Structures are given as C-alpha cells and as structure tokens.
Amino acid sequence: MESTGRFMNASSNGGPKSRPIYDEEGLIRIRGARVHNLQNIDVDIPRQRFVVITGPSGSGKSSLALDTLFAEGQRQYIESLSVYARQFLDQMERPDVDLIDGLQPTICIDQRPTAANPRSTVATVTEIYDYLRLLMARLGQPHCYQCDTPICQQTPDEIRESLQELPLGTKLMLMAPQVRGRRGKHDDVFRDVRKAGFVRIRVDGAVMDIDDVPELEPRKPHNIEAVIDRIVLRENSAGRLAESIQLAVRHGEGLVVACYYDEENPAEAPEGAKGVWRDRLFSTLYACPNCDISYEELEPRTFSFNSPYGACPQCDGLGWRTEFDPELVLPDVSLSLAGGAVAPWKGSTKRAAEKQREALDDFVTKSGFDWETPLDQLTPKSLDRLLRGDGKKFLGLLTLLEKEYATTTSAKRQQTLATFRGKVRCAACGGARLRPEAASVRVADKAIHEITALSVAEARTFFHRLKFPRKMKPVGDPLREQIERRLEFLEKVGAEYLTLDRAADTLSGGELQRVRLATGIGSGLVGVCYVLDEPSIGLHPRDNQRLIDALRDLERLGNTVLVVEHDEAMMRQADELIDFGPGSGKHGGRIVAQGRPGELGGNYSLTGRYLAGELKIDVPAQRRKLAKTRSISIEGVRTNNLQNVSVRFPLGGLICVTGVSGSGKSSLVNETLTPALLRRLGAAAPKPGPHDSLRGVSAVDKVIEIDQAPIGRTPRSNAATYTGAHDEIRKVFAGTREARQLGFRASRFSFNAKSGRCEACQGQGVKKIEMNFLPDLYVTCDECHGRRYNRQTLEVHYRGRSIADVLEMSVEEATEFFENFAPIHRLLEGLCAVGLGYLPLGQPSTTLSGGEAQRIKLATELARVDTGKTLYLLDEPTTGLHFDDVRRLLEVLQRLVDRGNTVIVIEHHLDVIKCADWLIDLGPEGGAGGGHVVAEGAPEEVAQVEASHTGQCLRPLLNGQHL
C-alpha cells in the first residue's frame, strides 16, 4: 500500500502547523525489509522528528522498529569495537533488509525489563546515585556512627585560616588533647606533658600550672589538654599561629582544641562577664576524638552498596536478609506460648514440644511471665528479647528456628519452616544498605540513604534548596545541576511519586521505560535515534501530555524519536504516523498508511478509522446490577502508601481499579488482596500487605492471578508449551504410521528430550554466547538452523508437516490445521480469542512482551472449565493492544463475567474503564499524595466526582466525544 499524504500540510489535529519538505539527507531510508512478517517493505522515516509507528498487535511494528532499525544500529556499533570484542559477536547477522541508509546511532528503551536485579534502583538506573555518591564523597560531613560527633579532616593551614577568620583582638588558647573522657589518675599523662616542656594544662575545663594539678578521682572520666600557646589575634600573628598549630597537632596526635573568648554573643555570657569561652575541635585525621574510631578517606565507592568498600557486611548491600519473619513466627500475639503463639511449632510431636519448652523455660521464668500469659501483655522490650535473645544464655526464638532449619534432616519439616521465612529488613543497617561509616555522612543534615528515600518530587525540592559554601560551589553546583536535570525529567513524565531507592525490578514496564528515559535526557545526547516501545504503559491519561512533552524535549535536542505506540493522544500529536496492517501475522507486515495523523484514512487503515471516529468501542447499553450484599470487602489496608483504606469489590461484574500512577492500585490488588485471598483459600502465597480484615471470601472458590510476568525465562518456553497444546500435538505425531513404525513415542517429539532434540543447541534452536561486558547473546544454531529437533525426528510428518513446521505455524494456522482434535483446537481458539492468532506457536517466551505473556495466561484459563465462582485478577491487560484488539479483549472479559465469574482489572485504558460495571478510583495523586479511595461506583457516577482525575478523563467519552 502506498503511503498517503506524504508531505501534505498539517491538519487541525493539535500537531505543528507546518513541516519542511524532507530531503534525502533528512531521512532514514529502508528498502526491502523482510524481518519476521514484514512484506519486503520500503519506508522513509524523517529524522529529528517525533514519529509514531502503530497498527494491530503482530502487524510488524516491532519488527521494523526493534528488529530492523535497532538491530542494525546495534550491529554497526558492534563493528566499531575492537577485534578482540568482535570475536565474541561475529555470528551476528544483518537484519533481512536490502538497504538502511541515514541511520543515526540508536538507543532502544523497550518495555521488557532487563534481568531482575535487586541492587538496581531508580537512582542507579538514572545515574542520579553516581552523582550523589560523588557529592557525598567531596562535600559530605562525616559523623561518628556511635556518638554522632562531626568528624572534620583539616590540614594545619586550613585550621590556621579558619582561626584567622575570628575578629582581631580575640583571645585564643591552643591546646593538644591528651585524655578525652577516660577514667583514671593519669599521672603518666602529666609526667609526659611536663617532660615536653609545657607549663600549663587544662583539666576538666580548668586551666592551671602543671605543678599545681590536684590528684584526680580515678573513678570519674576526665578531659586533659596541654596548653600549647596563648595568643591575642593580630594582623602579624599568622606565623606564630601556624607554628603553634603544628606543635599542637604533633602532641595531640592529630587533634587541636582552640579555646577562644567570644564577645559577639554577650547574652550567653555569665553575669558580669563581657563574653564566653568557646571550644572548637579540629582534626587532621578522619577519626572520632571521643570514640577513638578511625575512618578511611571518603571516596565515591564508600557510598556504593554494590561495592565491598561501602556495602553493609551483614546484608551485602541488599538492605534485607532472608530469615524468619517475626510477623509470620508470631502472627497472633493475643495468644500465649502454651496457646500456640509460635506458629512454626504448631502441630509438633510430643518430644519436639518438650524440647521447645525446655529451650524457653529458663527465659520465661526469669522474665516474670508464664506460659499462659498472652504475648500482647508483654512489654515491647520483653517481646523483642523473646524473639532475638537476651545476649546471654537465651538465643531467642528466631535463632532457635534458624538452627532447626539448618540442622533438620526432614525435607518436609524444612519445607514447612521455609514458609515462615521471608525478606526481613537488615537489623545491622536498618535497610540503608551501607556500612555505618557511609550511612553517617551527611549533606544538609541528610545521609545518602535518607536522600534516596525521598520521592522524586521531594528530592527535587531538597536539591533546589541546597546551598553550598562559596569555596564548595565549583564542586557542588555542577553535581547538583546534573541531579536536578534528571529529577526534572522524571517529574515531567509523571514519575514524581517514585522514591529514588525504589527497586527497579518492582517497576512496571512503562515506569521502567520512563526512568531509563531520564538517563537519555540527562546525558544531553544529540543526533541519536531513540526507539521506544510503548512508553505510555502504566501512565494515567491525565499524564499523557507530560510524557509527550518530554519526548518533544528529546526531539528538540536534535534527536529522532521513534515510538511504537497505541495511545491515541500520542498518535494525534505525532509529526509522522506510520500505520502497519491491515491485520496481524501473515495478514500484516505492510504499511497501509503514512502521514500526519489526520491524513490516515481509507478502509485499509484500522487506526485511521478509529482516529476518525468511523470505528469505536461503544459504551454498554446497560450495565450489570451488582448486589452490595454479595461482595468481597478488605478493610484497613496500609500497604505502601495506602492510607488505611477499606474497599468493597462487588462480585459478578467487571471491576476496574483506576487512579494515577503511584496512587496505590498495585498495592491494593497485587500486594494485599490477591495474596490474602490465595492464603484464605489454602494456596501458597507471599505475605499480604498489612490490613485489618477480609470478608466475603466464601462466595469465591478459585482465584486466578493473570499478571505480566514472563511465562518462561529460557527459549525453551513458548505459547504451545505453556498452554499445554504442545503435549497434545506430540501425541498426534506419535500416533502417525511413521512414528509407530520407528517406535517413536510422544516424548520423542519434545525438544527437551535427548532422543528427539538437536544436541548441538540442546533443543533450544539457539546457542547462548556469554559475554562478560555485554548481555548474553543468542544466535541461531548452525546445526539444526533453529528447528530444535534432530534429523530423524523431523522425518516424521503429519499431513505433510514436521513437528518443527507446526511450531513455526501461527496460532491461527494451527487452529485450522488441528480442527479435528478437540483438546488442541480448544486451547488454540482461546489464544485467537485474545488476539494472539498471529503469534508463532514456538516463539520463545523470552521474546514476548508483558502484554502478550498476560494474554497467553488468560487464554489458558479460558480453555479451562470454570465454576462460575472464579475471581480473575488482571494487571493492565491492554498493554500492547491496538484499539481493535482492546475490543476483542473486552469481549473475552465480558464473556467470563457472563458465566457468573468476577473480573478485577487494574487499568488505565479509558475504553476498558468506560465498559466496566464498577470502578474503584484511587488517588487523588501518586505516592504520598495518594492512597485514598477518591470515588467508587458505576463509570457515570465516578465521572461526576470533581476530585477524580479518572472521572474527568472519562466524562467526554461517556458523552460520545473523542480525546
């Protein structure tokens, strides 16, 4: 299909009013692209513009943007490396394309998180932490982690300059500390001072001659300083001052006490005096003068929790340890020890119970309570000792359980004990991740872990107000500017609610993309092609414009911004829209329209028809009536930022949980409701977030959680294996005449079995090349050419197709191919129903998007028999879906509800929200500004709530208007 309206003037759709005629130098020219399902396409993409690529799922958008453009940019970069580096990558193939011309250096920010790493945080991903470490190392004020005394390292010259800032005429006494807070008579100290030739000494604040010192009380702590010199500051006293400081440093082992007479604050002076004597302690060493603890010189690595020089030695810089969780060990403190308060000991044998009682008996007797005393009557101190021990003979419950876990020979008992273990905040660092020396360094009275605990918005305010002394400005100001630039961008894209220490593996795909984008805008790169894969994922419609403005900032720097996107607002504001289609898989791979958003039209462009209003998802004519008496209620939820909320989920309807990013949706549904329901129904689940009660569970007999987690972590996993279709297909091949003659059973047709797979690649179809300096690389196996099986297995055919041919089929083709096999047909029909008909059966799960993985899980559940009392929980199922795919997904969800089931969806897509029976809107803002239930009810009711951002965005759609 030819591009339409290639260089026409802009229409009135909100974009720029005019654009230049592109010449060949301003274009990325692609000729003959055939990657995956691309149909030998030719396309010109304008450089230094904001370009959106759209189309139905599987139509070829990512094949062009990621697998063609970015892959070629990556290949060109690899070729620029040294010969040594390239030897590991020489099997990289050029994308199947005739020509790519005018390609800039490419940076890809996709929606698939990199390897989940608990050490990666928002601050580290954006490089804010790198600048912060440098700031703390150069300008931080160390404090003693025991007594909190500031620790200053100054040269003798710096000490002299500091003292010369005092007013002229100031009386000054320089002293060398000898004893600081130590008990004893210290006769040897006085003898050494006398021997050094000093005639005056200060003992406990009183200055006296060395020969007049009284005998000291040995049981009291004392402070003793040798008086080095007494000076009145004059203009010509610099030489004498410097000499005296040097002498004091030598005799004070690096410490100097300057006692001066301050007449500038007479209000503080004793009655009848003009001023007051004040002490200033100086040190030429990094050491606490009180605790005698020495510190190494501060370096950036001192503040790195990924370095042994900075990481807490107890938790290795993770901030948590896997151990017995006190809340799981003592879940109900209203019980007594005899009444079964210690959950891991419930159901113990008589002999084990005797041992447990014997281990606690002595402690219980000495602590003044008995076995029948409810634990909530114990003082917090006694309860803590019960858990952690008294530091003497009694080890504590947690240690006793750890010993049992480590020494038990029963696998069943070990498995039972493991259910009471979890991630517990490290007691040594309190979750700071750092050594105490690093955690006690402060800038503006905040340690580095306290700064990263701030949200993006709070951190921006902190750094905006941060001022440095004049001498420190050349170092501090550039670092602050770099940090502020990245914080500003995070705010622009709607991530102001994220805390800087938030782990990257807990972010959604869209959040992670926006965080990684902050690095791009902060680096100030120019002339780069940014390839983004649906950056609007997880973003509330209210914040769409903020993301678009941020992408425009990238473009204005002189970069090309190429976005694969389904969001309507982003499409309407693009400089150029490239629409793929007309369908998915083999029915797609063509450019059906290209131009300005208002110029896309014609029957071939589904996107154009939806943008023009010819096609749309209608609001249901009638919503289901939901009974208040039949619902699940969860009360007093306090997970993360939720503010003690109580929420009712009516059963038998399509329920949407909405709200701006960070308002508490995932905290409510994923971290609290779901695990609480699963545990109540007897399934294994992580500990739910803090809440008071959960009611109405008896109305549900099964909970199905369908999230965006990968369906597998290796190329062995795919849609066919996950749904179980592959097992049935293997049975079909095993039943063929050829297979029976050769004695092949169903296991022969598994690429995980040695008998049938290609041994060169172990049945994966690809070989992994491990890179020390780059991510692992997968290349096609040169033995089986990606077909996974050995030659003998591939010789068995069913209807002219081998097992490898079947795995290369799309779901749609396979559904027709196996229409006579009910089990296979039912499973594959479910995949087609959720819009995955284009997906190759054997496509590795590692290449699937989060949305595709979620829909495969949904299709698998569709194929199962439900009871009509099933509760389905989905997290943004519209990820990666075109308007038309959303329509099909809604049909599937409504079908599930029509059977009597309940579907709870966390969602931002307004077309899904407007079709729901019941909305629960959280907010009003993200982070600390959220965590409240702003509105609940039917969409029409929520649309009338002025405080609801969702309601305000929903109102025009319910009135039949476009965005």
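Structure first, text after, so check above.
A brief structural summary. This one's a predicted model, so the numbers in the text were calculated from it and none came from an experiment.

### Describing the sheet that holds strand 21 (residues 631–637)
Step number 1: If you trace the three strands from one edge of the open sheet to the other, you get 22-21-24, paired in antiparallel fashion. Two strands close off the open sheet at either side, each with one partner strand: strand 22 (645–650) and strand 24 (693–695). Neighbour-to-neighbour, the strand axes of the sheet open up by a mean angle of 10 degrees, direction not taken into account.
Step number 2: Pairing of strand 21 with strand 22, which is carried by five bridges, proceeds in the antiparallel orientation.

### Topic: the packing of helix 5 (residues 156–164) against helix 7 (residues 238–251)
Step number 1: The geometry of helix 5 relative to helix 7 is characterised by a closest axis approach of 10 Å and an angle of 130 degrees between their N-to-C directions. In terms of axis orientation, helix 5 runs oblique to helix 7. Both helix 5 and helix 7 take part in a crossing whose hand is right-handed. Contact residues: Pro156, Ile159, Arg160, Leu163 and Gln164 in helix 5; Ala238, Leu241, Ala242, Ile245 and Gln246 in helix 7.
Step number 2: Here the contact of helix 5 with helix 7 is composed, by residue class, of seven nonpolar, two polar and one charged.

### Topic: the packing of aromatic side chains
Step number 1: Evaluated as defined, the whole model comprises 16 aromatic pairs.
Step number 2: Note on Phe363 and Phe394: the rings are 4.3 Å apart at their centroids and 15 degrees apart in plane angle, and the pair reads as stacked. Of the two residues, Phe363 sits in helix 9 (residues 350–367) while Phe394 sits in the loop between helix 10 (380–388) and helix 11 (397–407), which places them 31 residues apart along the sequence.
Step number 3: Under the relative-accessibility criterion, Phe363 is labelled buried at 7%.
Step number 4: Look at Tyr798 and Phe817: their rings are 5.7 Å apart centre to centre, the planes differ by 90 degrees, and that puts the pair in the edge-to-face class. Taken as a pair, Tyr798 in the loop between helix 25 (791–794) and helix 26 (803–808) and Phe817 in helix 27 (residues 811–817) lie far apart in primary sequence, 19 residues in all. Taken as a pair, Tyr798 and Phe817 share a single burial class, namely buried.
Step number 5: Through a chain of ring-to-ring contacts, the aromatic side chains of Phe733, Phe744, Phe749, Tyr798, Phe817, Phe818 and Phe821 assemble into a single cluster.
Step number 6: The side chain of Arg748 reaches across the aromatic face of Phe744, ending 4.1 Å from its centre.

### What about the layout of surface pockets?
Step number 1: The volume enclosed by the second largest pocket comes to roughly 970 Å³.
Step number 2: In terms of lining, the second largest pocket is formed by 29 residues, of which the most central are Gln141, Cys152, Gln153, Gln154 and Met472.
Step number 3: The set of elements that each furnish at least two residues to the lining of the second largest pocket consists of helix 4 (128–139), strand 6 (141–142), helix 5, strand 12 (276–283) and strand 15 (441–443).
Step number 4: For the lining of the second largest pocket, the class distribution of residues is 15 nonpolar, five polar and nine charged.

### Here we look at the packing of helix 15 (residues 456–465) against helix 16 (residues 473–492)
Step number 1: Where helix 15 contacts helix 16, the two axes come as close as 9 Å, and the packing angle between them is 150 degrees. Overall, the two elements helix 15 and helix 16 adopt an arrangement that is roughly antiparallel. For the element pair helix 15 and helix 16, the recorded crossing hand is left-handed. Note on element contacts: helix 16 touches helix 15 through Arg480, Ile483, Glu484, Leu487, Glu488, Leu490 and Glu491, opposite Val456, Ala457, Ala459, Arg460, Phe463 and His464.
Step number 2: Partitioning the contact of helix 15 with helix 16 into residue classes produces seven nonpolar, one polar and five charged.

### Overview of the sheet that holds strand 16 (residues 446–447)
Step number 1: Ordered in space as 6-15-16, the three strands form an open sheet in which the pairing is antiparallel. In this open sheet, the two strands that pair with only one neighbour each are strand 6 and strand 16.
Step number 2: Sheet analysis places strand 6 next to strand 15, joined by two bridges and oriented antiparallel. Bridge pairing in strand 15 links Gln141 to Arg442.
Step number 3: Here helix 4 sits on the sheet and contacts strand 6, strand 15 and strand 16; the angle it forms with strand 15, its principal contact strand, is near 100 degrees.

### A word on the pattern of salt bridges
Step number 1: Tallied over the entire structure, the rule returns 52 salt bridges.
Step number 2: One salt bridge in this structure joins Asp325 and Lys687, with 2.7 Å as the shortest N-O distance. Taken as a pair, Asp325 in the loop between strand 13 (320–324) and helix 8 (326–329) and Lys687 in the loop between helix 21 (665–680) and strand 24 lie far apart in primary sequence, 362 residues in all.
Step number 3: Residue Lys687 is classed as partly exposed on the basis of its relative accessible area of 35%.
Step number 4: Arg546 is the partner of Asp543 in a salt bridge, and the nearest nitrogen-oxygen pair spans 3.1 Å.
Step number 5: Here Asp543 falls in the buried class, since its relative accessible area comes to 2%.
Step number 6: Since its relative accessible area comes to 27%, Arg546 is described here as partly exposed.
Step number 7: The network of salt bridges with shared partners includes Glu496, Arg542, Asp543, Arg546 and Glu925.

The rules we used
- Residues numbered from 1 in each chain as written.
- Predicted model: local features only at pLDDT ≥ 70, side-chain atom pairs only at ≥ 80, totals over all residues.
- Heavy atoms only, no water.
- Pairing = 2+ DSSP bridges.
- Helix = DSSP H or I, 4+ residues; strand = E, 2+ residues; numbered from the N terminus.
- Axes fitted to C-alpha atoms, helices over the stretch in contact; angles between N-to-C directions.
- Parallel < 35°, antiparallel > 145°, perpendicular 65-115°, else oblique.
- Left-handed = near helix turned anticlockwise from the far one by under 90°.
- Contact = heavy atoms within 4.5 Å.
- Nonpolar A, V, L, I, M, F, W, Y, C, P; charged D, E, K, R; others polar.
- Phe/Tyr/Trp six-rings, centres within 6.5 Å; stacked < 30°, edge-to-face > 60°.
- Buried < 20%, exposed > 50% of the residue type's maximum accessible area, 1.4 Å probe, protein only.
- Lys NZ or Arg CZ within 6 Å of the ring centre and 35° of its normal.
- 1 Å grid on protein atoms, 1.4 Å probe; cavity = no way out; pocket = protein on both sides within 12 Å on 5 of 7 lines; lining within 4 Å.
- Points joined across faces, edges and corners; volume = space filled by probe spheres on them.
- Salt bridge = Lys/Arg side-chain N within 4 Å of Asp/Glu carboxyl O.

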